[in-house]
Amino acid sequence: MLIRAVILSTLVLMIVSCGPNVLYEESRSIPGAEWTYRDTLDFAFTVTDTAALYNMYVVFGHAASFPSQNIYTKLYTRFPDGKRLSKLKSFDLYDARGATLGKCSGGSCEVRRLLQDNAYFNRPGEYVITLEQFMRRDSIPGLESVGLLIEESGKTKADIQGKQQ
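If you're wondering where the values come from, they're calculated on a predicted model, not measured in any experiment.

A. View of the state of the cysteines. Across all of its chains, the model carries one disulfide by this definition. There is a disulfide in this structure between Cys 104 and Cys 109, and the S-S distance comes to 1.9 Å. Torsion about the S-S bond of the Cys 104 and Cys 109 cystine: about 100°, corresponding to right-handed handedness.

In structure tokens form, the structure reads like this:
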């Protein structure tokens, strides 16, 4: 019996350790499933490893009947030194034929969209990514949640710099 428990524990550890190393993951529920201009979403996380590269995703939870093919957002990044950058970004939730780009079940869908791959952070410290909806109307019905996922890519800055030389 003890041998089975040890083998099972080892297998579970192997499976868990083979997955991506997640730096940060958080999802925020949208009140009433209607994202308005005033619903600003802040995601704060701390970076300690400035050599690692990260893949960053925005995760949208929405009703299967969501009325738009995409979502326009305004993103702000606040760096540990207080500097702040902003950019506009559109995320497709459906392809050109209207098929979801995520997984749906029970009337809800979840779509994970790439924000940036092989991103790096120059300084250790706290970063804050703020998301605002930037559509042509004040409220977007059917949007249930918005999340941020940051995972290590398995590469370092040195890997990328070596390829550029």
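Here the narrative resumes.
B. A look at the pattern of salt bridges. Counted according to the given criterion, the structure contains four salt bridges. Across the pair Arg 123 and Asp 81 runs a salt bridge whose closest N-O atoms are separated by 2.9 Å. Of this pair, Arg 123 sits in the loop between β8 (108–119) and β9 (125–133) while Asp 81 sits in the loop between β5 (70–78) and β6 (84–92), and the two are 42 residues apart along the sequence. Two residues, Arg 97 and Asp 95, come together in a salt bridge whose shortest N-O distance is 2.8 Å. The exposed category is assigned to Arg 97, whose relative accessible area is 76%.

C. Up close: the environment of Glu 26. Its place among the elements puts Glu 26 in strand β1 (residues 22–29). Owing to a relative accessible area of 29%, Glu 26 belongs among the partly exposed residues under this scheme. As a C-alpha pair, Glu 26 and Phe 43 span 17 residues in sequence and 7.5 Å in three-dimensional space. In this view, Glu 26 contacts Phe 43, Val 146, Gly 147 and Leu 148; residues no more than four positions away in its chain are not counted.

D. Geometry of the pairing of β8. Relative to β8, strand β4 (residues 52–63) is paired through nine bridges, and the arrangement is antiparallel. The residue of β8 that forms the bridge with Gly 61 is Glu 110. Direction of pairing for strand β7 (residues 103–105) relative to β8: antiparallel, over a ladder of three bridges. Each bridged residue has a counterpart across the sheet, and for Lys 103 the counterpart in β8 is Glu 110.

Procedures and definitions
- Residues numbered from 1 in each chain as written.
- Predicted model: local features only at pLDDT ≥ 70, side-chain atom pairs only at ≥ 80, totals over all residues.
- Heavy atoms only, no water.
- Disulfide = S-S within 2.5 Å.
- Salt bridge = Lys/Arg side-chain N within 4 Å of Asp/Glu carboxyl O.
- Helix = DSSP H or I, 4+ residues; strand = E, 2+ residues; numbered from the N terminus.
- Buried < 20%, exposed > 50% of the residue type's maximum accessible area, 1.4 Å probe, protein only.
- Contact = heavy atoms within 4.5 Å.
- Pairing = 2+ DSSP bridges.

So yeah, pure geometry; function would need other evidence.
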